[in-house]
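# An overview of the molecular structure
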Amino acid sequence: MAEKKEIVNLLDEIADFLEFRSENPFKISAFRNGSNTIRKLNDDINELVNSGELKKVKGIGKGIYAVIEEYCSHGFSTALDELKKDIPDSLAELFQIRGLGPKKISLLFNQEKIKSIDDLKTACNENKLLSVKGFGEKIQQKILEEIGQIEENRNYLLIHFAERESGKIKILFDELPVIKKYEFTGEIRRTKEVYSSLEVVILVESDKVDELLSSLKEKIALDVISGEILKSDTAVKLPLTIYLVHSENDFTARLFETTGSEEFLTKLGYASNKFRSDNEEEIFSKMNAQFTAPEMREKDFFSISNKELQIPSDLTNEQLKGFLHFHTTYSDGLNSVEEMVSSAIKLGYDYFAVCDHSKTAAYANGLSEHRILKQRGEIVDINSRTRWRLLQGIESDILTNGELDYPEEVLQEFQFVVASVHSNFSLSEEEMTRRIVKAIENPFTDVLGHPTGRLLLHRAPYKHNIKKIIDACSRNQVALEINAHPNRLDLDWRNIFYAREQGCLFSINADAHSLDNILLTKYGVAIARKGGIQTKEVINCFDYKTFVKFLNRKVTRKVERYE
Ligand SMILES: [Zn+2]
Ligand SMILES: [Zn+2]
């Protein structure tokens, strides 16, 4: 058994190593094409292998089929192992560095004996790359920057991975009856976009501490034990800190002082253990301060002048009615329109707007005018069969000059438009801001997709003036996306308060490219809650009628109502 994603990665990795070894270019592109073909398959890969049907799929030759079959039944690939023979494991790290393809890595390895990121860093610092063909001072500088980023990011996990690690701790603690109760605190309780630690407060009776310690030690390595604070650097993929307390009052006090960021607590004027209570509301009120939701306890909270914006969010996953901005096999998604919507319906969504990529996004198989019509036909057919409220939207590239990717007559046929930057990231701040503002001013734009372009722990945002962009969204009634993908969580939550003060609306979207992705929306909700966003500020929380009204606020759209 194997997941489709694993097979895609396997074929890509084989292609990379074939290229690294300068093998036959036809063979290399066969593996790259094979990976693409698999990515787009809708059927279960294991079934296709078991039935032998995969052999008949165009683009899957005998050799590739054998690799996939072996991997599905045994979980490894002899072909890949063979290619990796005599190559140190650390070399794989080099493939993470953008701008260093297999060919360049091969040169570095064979000529300069560079076999890890550390080697490469030393070589750059000693200017050794300048003598290697195809490398210059600029590339060397870029590589150093990339390495710096990778090193910095090594200590952080994205939200979904941090959740997985906290899940492991949860399973462990749930099995220990000696723990009266426990709660995650710190970054987890505060909700962050990236995580550097896991912290938990445990309530345990004082005469049961020894029992707890010995049961814990059976399961995890506790590296440092000092009084009531336990630490483990190896239990999970993040450093773990456990605080032991023995009373409800201490439990709440510990939770309180480990939740808020340091700056938050300082600004609040909190002095440790001064205000004891078994509920946090009371601690706030004893300090003459307004209750602040755990996820909002950051210094940015104090930047809001409008007190009304400080109240905790009322948003929950269940309140999302519109499943918007998702991709299908028409562009770079893995599932059909019908599959995506069927799954989203089961999760309680009420209306839908598919937003595949626009034509300039050739890398993502963006829709030509001809294919737009084909998809539209399919949607009309689906709606008439099912009575779903399925709209045809588009994620239109924002071209370098700020225009959207289709002429007006094409744009007006879409029922929903997300405008996003996917190319030419290196413009100056002024140029990029002008480009995005122009797209916001386009009357067909409904949502500005992933507004800053950041990829967490991977790519910094493009240069832009976020305030000017938010102001433009407010003036033009364009919603700001809170892209819920754990790699993005973009709009950055730090700018949510400013956007709310300008009266902006938001759109929380998983940017789902597969059925699994649909559930990612919850991370967008978590980050929106951090900014205190209320249900009424989120266009996906509108009922269908109000949503259609929103779509028609500037241009008339042909949207059938199913009432
Ligand atoms: Zn996008
Ligand atoms: Zn997208």
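This text gives an overview of the structure that appears in the document. Remember, predicted model here, so these are calculated numbers, not experimental data.

On to the overall build of the protein chain. Secondary structure summary: the protein chain contains 22 helices and 14 strands in total. The C-alpha radius of gyration of the protein chain comes to 26 Å, within 12% of the 24 Å expected for a compact globule of 563 residues. The principal-axis extent of the C-alpha atoms belonging to the protein chain is close to 70 × 65 × 55 Å. Buried positions account for 52% of the 563 residues belonging to the protein chain. For the protein chain, the share of sequence-separated contacts (at least 6 apart) that also reach a separation of at least 24 residues comes to 68%. Accessible surface, the protein chain: about 25900 Å² in total, of which carbon and sulfur atoms supply 49%. Side chains of the protein chain give 77 positive and 89 negative charges; the mean places of these two sets differ by 3 Å.

The next point concerns the pairing of strand 6 (residues 229–232). Judged by which residues are buried, strand 6 turns out to be one-sided: L230 and S232 face inward and are buried, whereas I229 and K231, on the alternate face, are not. With three bridges joining them, strand 5 (residues 224–226) and strand 6 adopt antiparallel strand pairing. Opposite S226, over in strand 6, you have I229 as the bridge partner. Adjacent in sequence and paired antiparallel, strand 5 and strand 6 are bridged by two residues, among which G227 carries a positive phi angle near 55°. Of the strand pairs in this sheet, strand 6 and strand 7 (residues 240–245) are connected by four bridges, and their pairing is antiparallel. The partner of S232 across the bridge, within strand 7, is L240.

With that out of the way, let us pick up empty space enclosed by the protein. Applying the stated criterion across every chain yields a total of one cavity of 30 Å³ or more. Of the volumes computed, that of the largest cavity is approximately 30 Å³. In terms of lining residues, the largest cavity is bounded by M296, E298, D300, F301, W493, F497 and K530. Of the residues belonging to the lining of the largest cavity, the class tally is four nonpolar, no polar and three charged.

We now examine the sheet that holds strand 13 (residues 479–483). Working definition: the strands of a sheet are paired by backbone hydrogen bonds and lie parallel or antiparallel to each other. An order of 8-9-10-11-12-13-14 is seen for the seven strands of this open sheet, with the pairing classed as parallel. Two strands close off the open sheet at either side, each with one partner strand: strand 8 (322–326) and strand 14 (506–509). In the sheet, strand 8 pairs with strand 9 (residues 351–357) via four bridges, with the strands oriented parallel. Residue pairing in the sheet places F326 in a bridge with V354 of strand 9.

The next thing to look at is the layout of surface pockets. By volume, the second largest pocket amounts to about 720 Å³. In terms of residues, the lining of the second largest pocket owes the most to one element, helix 8 (residues 137–153), which gives six residues. A class-by-class count of the residues in the lining of the second largest pocket yields ten nonpolar, four polar and eleven charged.

The subject of this paragraph is the packing of aromatic side chains. Across all of its chains, the model carries 20 aromatic pairs by this definition. On the basis of an interplanar angle of 80° and a centroid distance of 6.3 Å, the ring pair of Y182 and F184 is categorised as edge-to-face. In this structure Y182 comes out as buried when scored by relative accessible area, which is 19%. Accessibility expressed as a relative area gives 12% for F184, which makes it buried. Their ring planes at 50° and their centres at 5.1 Å tell us that F323 and Y349 sit as a pair that is tilted. Of this pair, F323 sits in strand 8 while Y349 sits in the loop between helix 15 (337–346) and strand 9, and the two are 26 residues apart along the sequence. For the pair F323 and Y349, one class covers both residues: buried. Directly above the ring of F550 sits R553, whose terminal nitrogen or CZ lies 3.9 Å from the centroid.

Conventions used here
- Residues numbered from 1 in each chain as written.
- Chains lettered and ligands numbered in written order.
- Predicted model: local features only at pLDDT ≥ 70, side-chain atom pairs only at ≥ 80, totals over all residues.
- Heavy atoms only, no water.
- Helix = DSSP H or I, 4+ residues; strand = E, 2+ residues; numbered from the N terminus.
- Rg over C-alpha atoms; globule rule 2.2 N^0.38 Å.
- Buried < 20%, exposed > 50% of the residue type's maximum accessible area, 1.4 Å probe, protein only.
- Contact = heavy atoms within 4.5 Å.
- Areas by Shrake-Rupley, 256 points an atom, 1.4 Å probe, with all protein chains shown as cover.
- Lys, Arg positive; Asp, Glu negative; His and termini not counted.
- Charge placed at Lys NZ, Arg CZ, Asp CG, Glu CD.
- Pairing = 2+ DSSP bridges.
- 1 Å grid on protein atoms, 1.4 Å probe; cavity = no way out; pocket = protein on both sides within 12 Å on 5 of 7 lines; lining within 4 Å.
- Points joined across faces, edges and corners; volume = space filled by probe spheres on them.
- Nonpolar A, V, L, I, M, F, W, Y, C, P; charged D, E, K, R; others polar.
- Phe/Tyr/Trp six-rings, centres within 6.5 Å; stacked < 30°, edge-to-face > 60°.
- Lys NZ or Arg CZ within 6 Å of the ring centre and 35° of its normal.

No statement about biological role is implied by the geometric values presented.
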